[in-house]
Amino acid sequence: MRPMTILESVLPSFLAALAGDYRVVAPQRVGGADVVYADWTDDVPVDLDFVNTVVPPKMLFFPARETLFHIEDPRHATLSAGQEAGATKPLAIFGLRSCDATGLAFLEKFFAGRGFEDDTILARIRSALTMTLACREPGADCFCVCCEAGPWLTAGFDIQFSDLGDRLLADVRTEKGEAAIAAASSLFTLATPEDLDAWSRQLTKVDATFERRSFMAAGTRRISLGRIPQEKWEHWAEDCRGCGGCCFVCPTCSCFTVTDRPSGDDAFDRERQWDACLYEGFTREASGHNPRAAKAERLKRRFFHKMSYQYIDVMGRHGCVGCGRCVATCMGGLDISTLLTRIHDECP
Amino acid sequence: MSARSLYLPHLAEIARVEEETPDTRTYFLEANGVEWRRAYHPGQFVELSVFGVGEAPFCLAQSPTRSDFIELTVRRTGAVTNRLHTYRAGDVVGLRGPFGNAFPFERARGRNLLFVGGGIGLPPLRSLINYVLDHRTDYRDVTVLYGARTPADRVYKNELAEWSRSPALTLVETVDRGDDTWTGHVGVVTRLLKGMTVDAAATLAFTCGPPVMLTFVVAELIALGIAPSNVVTTLERYMKCGVGKCGHCCVGHHYICVDGPVYNYDQIRRLPEAP
Ligand SMILES: Cc1cc2nc3c(=O)[nH]c(=O)nc-3n(C[C@H](O)[C@H](O)[C@H](O)COP(=O)(O)OP(=O)(O)OC[C@H]3O[C@@H](n4cnc5c(N)ncnc54)[C@H](O)[C@@H]3O)c2cc1C
Ligand code: SF4
Ligand code: SF4
Ligand code: FES
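Residues numbered from 1 in each chain as written. Chains lettered and ligands numbered in written order. Predicted model: local features only at pLDDT ≥ 70, side-chain atom pairs only at ≥ 80, totals over all residues. Heavy atoms only, no water.

## Examining the overall build of chain A
When helices and strands are counted, chain A shows 13 helices and twelve strands. Computed over its C-alpha atoms, the radius of gyration of chain A comes to 22 Å, within 12% of the 20 Å expected for a compact globule of 348 residues. Expressed as lengths along the three principal axes of its C-alpha atoms, the size of chain A is roughly 65 × 60 × 40 Å. The proportion of buried residues among the 348 residues of chain A is 53%. For chain A, contacts bridging at least 24 residues in sequence account for 71% of all contacts bridging at least 6. Of the roughly 14800 Å² of accessible surface on chain A, 53% is carried by carbon and sulfur atoms. (Helix = DSSP H or I, 4+ residues; strand = E, 2+ residues; numbered from the N terminus. Rg over C-alpha atoms; globule rule 2.2 N^0.38 Å. Buried < 20%, exposed > 50% of the residue type's maximum accessible area, 1.4 Å probe, protein only. Contact = heavy atoms within 4.5 Å. Areas by Shrake-Rupley, 256 points an atom, 1.4 Å probe, with all protein chains shown as cover.)

Structural data, given as structure tokens:
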């Protein structure tokens, strides 16, 4: 489909048109600069000027806590479905940032990998309509450009919107995206040569605004080859509070734990919950033995998982999309951007 | 049902429980509804659910050639295993699996096989040993060395007695501390290896047991001239999902639950983290 435009003023009508087939989610300002994804309703203005959401959109597909199934009478075990069982509509996300769309594709590949498909999570991702919003200027912590994940994309979305002032340009790449636009065709017009020109100028300008740094490649090399002295890891790890925040806010982090939580008289929910490799108990075994008892080993683990060639080989890219959330979250300066810069500067 | 294929266990009724040692029992699980009952490989494991407490990984302790039941031998250590030890015949548990790779039983064909087990390390080896006994002509000499702390800590006492009488294999046992009835060797299992003559090039060694034992046994096997790639073990890691998703079992870029748990020492040496 050729690029289309839609007036910003009728954007709510477009989202309303999608609401028949989809559960429509859009960024909403909840206070100050804090923006979150929430169910869209037409009384809330669509925010086009946010940097990014506090929590990544992974929470919509891989919730922080979810019931896998219910258990009654544990010793004799009657099990029943955890939830909706396909009853909910697929998601339509408007305003997904490029970094997060890349992160979502990463999660899709992860949950489909190693011979086992997590069908619940994959169904949520694969049925979703992803409508990204290209970024015009970097946020303070953003470095997507160093991670091949933004500020605008050439693939990996259904529709990519670019803000041209009073109108948005829609770059449509999939049949799902075309169908969504067709359902509200009266709201869209074919982009004019002037629109295309403005779009192209904007992309060029945006590219120039983002600083390309070399710390990612250097960090990957040194981490993969084990070139970082142990004393460095130990020194850096002193500042890790073990809060796990970096993992929870990361659009590509996927570790979880499973617990049986009491839910009533002799009844339990088997729940999956986000977990973090920076937690001391993440690898502690029943015997008390813990192969990653030292904080330094856990920090090293996170960076190896995110950045090493060994994982890039499997996943096709490194595990950071440069969204900058861990930069904003980590109080010890152990986020990807800061620590890779230190690796670059301190570990030749 | 959501995530049915991955996280929803099969229900299995406990048919029989056998006391192996004061803290270890073998559970015979009714496996009629389990389609992989005879289609797993020695070395693979299952995730066992004790509902209301949780799930934990256990190796399939019997050879698929003999699996009228799914057999798991479980030592009491923490939450899941303590609750399981209160379970009796008729109680129901959950099973997901079979997971993980397998012992290289194809590569073992035509070779001498040397098994070295310590304590609760015998169950995974027993699955392969019985598999080998059921395909006995495919293999050459079979030797089993088994060490336990005391005579009471030996698992599969009846089977050990059968093996000791069988011409199909050589069984040598030892205990760290004997008692009045014990007439066999006393001392750690590595002592049995010292001074043994093996046809190193033709031997494949399998060893499972506590980490300290493994360190010494592996050193001894390599000293006997067996190549690290011919020394096979299983790696134990904290596991939750068994299907390469939860991230708990990762070592370097390996998911032990999918890529393992069976590894040889040439592979282990090359892992970027100590296992
Ligand atoms: C591949 C594999 C095969 C195993 N086979 C056997 C066997 O045949 N017999 C046997 O007695 N034990 C076996 N174990 C060890 C057994 O899994 C642990 O003893 C068991 O998980 C302890 O669970 P718990 O809930 O009683 O202990 P807790 O300390 O209460 O553990 C809580 C949870 O942590 C995880 N966990 C704790 N320790 C371990 C561990 N060592 N390995 C993996 N996950 C752990 C489990 O998910 C467990 O439910 C095996 C472990 C692995 C990895
Ligand atoms: S590692 Fe940090 S910057 Fe990279 S994707 Fe995760 S949260 Fe964003
Ligand atoms: S990292 Fe890039 S794509 Fe993500 S919000 Fe920042 S500028 Fe936009
Ligand atoms: S046990 Fe979950 S990834 Fe291996």
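## Regarding the interface of chain B and chain A
Opposite the 43 residues of chain B that make contact, chain A presents 45 residues. Carbon and sulfur atoms supply 56% of the area that chain B and chain A bury against each other, a total of about 3700 Å² over both sides. Inspection of the chain B/chain A interface yields two salt bridges. When the shortest N-O distance is used, the salt bridge between Arg270(A) and Glu55(B) registers 3.7 Å. (Buried area = accessible area lost by both parts, 1.4 Å probe. Salt bridge = Lys/Arg side-chain N within 4 Å of Asp/Glu carboxyl O.)

## Some details on helix 6 (residues 211–223) of chain B
Residues and elements named next belong to chain B. Its 13 residues place the ends of helix 6 18 Å apart at the C-alpha level, agreeing with the 18 Å of an ideal helix rising 1.5 Å per residue. Every buried residue belonging to helix 6 is among Met213, Leu214, Val217, Val218, Glu220 and Leu221, and all of these are buried. Buried residues along helix 6 cover an arc of 165° about the axis, so they all sit on one side. Turned more than 90 degrees away from the buried face of helix 6, the exposed residues are Pro211, Val212, Thr215, Phe216 and Ala223. (Expected span 1.5 Å × (residues − 1). Arc of directions from axis to C-beta.)

## Considering the site of ligand 1
For ligand 1, the set of nearby residues contains 22 residues, the closest of which are Ala286(A), Pro57(B), Thr73(B), Thr81(B) and Arg237(B). Residue neighbours of ligand 1 fall on chains A and B, so the site bridges chains. Between ligand 1 and the protein, one listed contact pairs an oxygen atom with a backbone N or O atom of Ala79(B) at 2.8 Å. Note that a nitrogen atom of ligand 1 is positioned 3.0 Å from one of the side-chain N or O atoms of Glu236(B). Burial of ligand 1 by the protein chains amounts to 87% of its free accessible area of 820 Å². Elements supplying a minimum of two residues to the shell around ligand 1: strand 4 (54–59), strand 5 (69–75) and helix 2 (79–84) of chain B. When residues of the shell around ligand 1 are assigned to their parent elements, the largest contribution, five residues, is made by strand 4 of chain B. Among the residues making up the shell around ligand 1, the classes are represented as twelve nonpolar, four polar and six charged. (Near = heavy atom within 4 Å. Polar contact = N/O pair within 3.5 Å; in protein donor to acceptor, adjacent residues only side chain to side chain. Nonpolar A, V, L, I, M, F, W, Y, C, P; charged D, E, K, R; others polar.)

## Comments concerning the nonpolar core
Within the largest apolar cluster, 110 residues are counted, with the highest numbers of intra-cluster contacts made by Met216(A), Trp233(A), Trp236(A), Ile336(A), Leu340(A) and Leu221(B). If one sorts the elements of this core by residue count, helix 3 (residues 98–111) of chain A sits on top with seven residues. The two domains that each donate at least three residues to this core are domain 1 (3–99) and domain 2 (112–234) of chain B. With near-sequence residues (within four places) excluded, Trp233(A) lies in contact with Ile228(A), Ala296(A), Leu299(A), Lys300(A), Phe303(A), Leu339(A) and Ile343(A). Core analysis: the next-biggest nonpolar cluster, separate from the first, contains 29 residues, Phe103(B), Ala108(B), Leu133(B) and Leu204(B) among them. (Core = buried A, V, L, I, M, F, W, Y, C linked by side-chain atoms within 4.5 Å. Domains from an automatic or database assignment.)

## So, the confidence of the model for chain A
Summing up the model confidence of chain A, the mean pLDDT is 93 and the portion of residues at 70 or higher is 98%. Mean pLDDT across the elements of chain A bottoms out in strand 5 (residues 78–81) of chain A (88) and peaks in strand 1 (residues 4–7) of chain A (98). (pLDDT = per-residue confidence, 0-100.)

## What about the domain arrangement of chain B?
Bring the parts together and some accessible area is lost; that lost area is often taken as the interface size. Residues and elements named next belong to chain B. What the domain assignment lists for chain B is domain 1 (3–99) and domain 2 (112–234). Domain 1 and domain 2 are separated by 24 Å when their C-alpha centres are compared. Counting residues at the interface gives 18 residues for domain 1, matched by 19 residues for domain 2. Carbon and sulfur atoms make up 53% of the surface buried where domain 1 meets domain 2, a total of about 1400 Å² over both sides. The largest share of the area that domain 1 buries against domain 2 comes from Glu20, Pro42 and Arg66, three residues that together contribute 31% of it. Linking domain 1 with domain 2 are two salt bridges, by the criterion used here. Where domain 1 touches domain 2, the interface holds nine residue pairs in polar contact (both at pLDDT 80 or more). Only strand 1 (10–21), strand 2 (24–30) and strand 5 provide two or more residues apiece to the side of domain 1 that touches domain 2.

## Examining the sheet that holds strand 6 (residues 91–96) of chain A
Residues and elements named next belong to chain A. Read from one edge of the open sheet, eight strands run 3-2-6-7-8-9-1-10, paired in mixed fashion. Each end of this open sheet is capped by a strand with a single partner; those strands are strand 3 (34–39) and strand 10 (188–190). Direction aside, the axes of adjacent strands within the sheet are offset by 30° on average. Bridging between strand 2 (residues 23–31) and strand 3 involves six bridges; their strand directions are antiparallel. Each bridged residue has a counterpart across the sheet, and for Ala26 the counterpart in strand 3 is Ala38. Contacts between helix 1 (residues 11–18) and the sheet are confined to strand 1, strand 2, strand 6, strand 7 (129–133), strand 8 (159–163), strand 9 (167–172) and strand 10, with strand 7 contributing the most and set at about 165° to the helix. (Pairing = 2+ DSSP bridges. Axes fitted to C-alpha atoms, helices over the stretch in contact; angles between N-to-C directions.)

## Thoughts on the packing of helix 7 (residues 215–224) of chain A against helix 10 (residues 295–307) of chain A
Residue and element names in this part refer to chain A. Contact pair helix 7 / helix 10: the axes reach a minimum separation of 9 Å and the direction vectors enclose 120°. The two elements helix 7 and helix 10 meet at a crossing, and its hand is left-handed. For the pair formed by helix 7 and helix 10, the contact residues are Met216, Thr220, Ile223 and Ser224 on the first element and Phe303, Phe304 and Met307 on the second. (Left-handed = near helix turned anticlockwise from the far one by under 90°.)

## Things to note about the site of ligand 2
Close to ligand 2 lie Phe143(A), Cys250(A), Pro251(A), Arg302(A), Lys306(A), Cys320(A), Val321(A), Gly322(A), Cys323(A), Gly324(A), Cys326(A) and Ile336(A), which account for all nearby residues. Per-class residue counts for the shell around ligand 2 are eight nonpolar, two polar and two charged.

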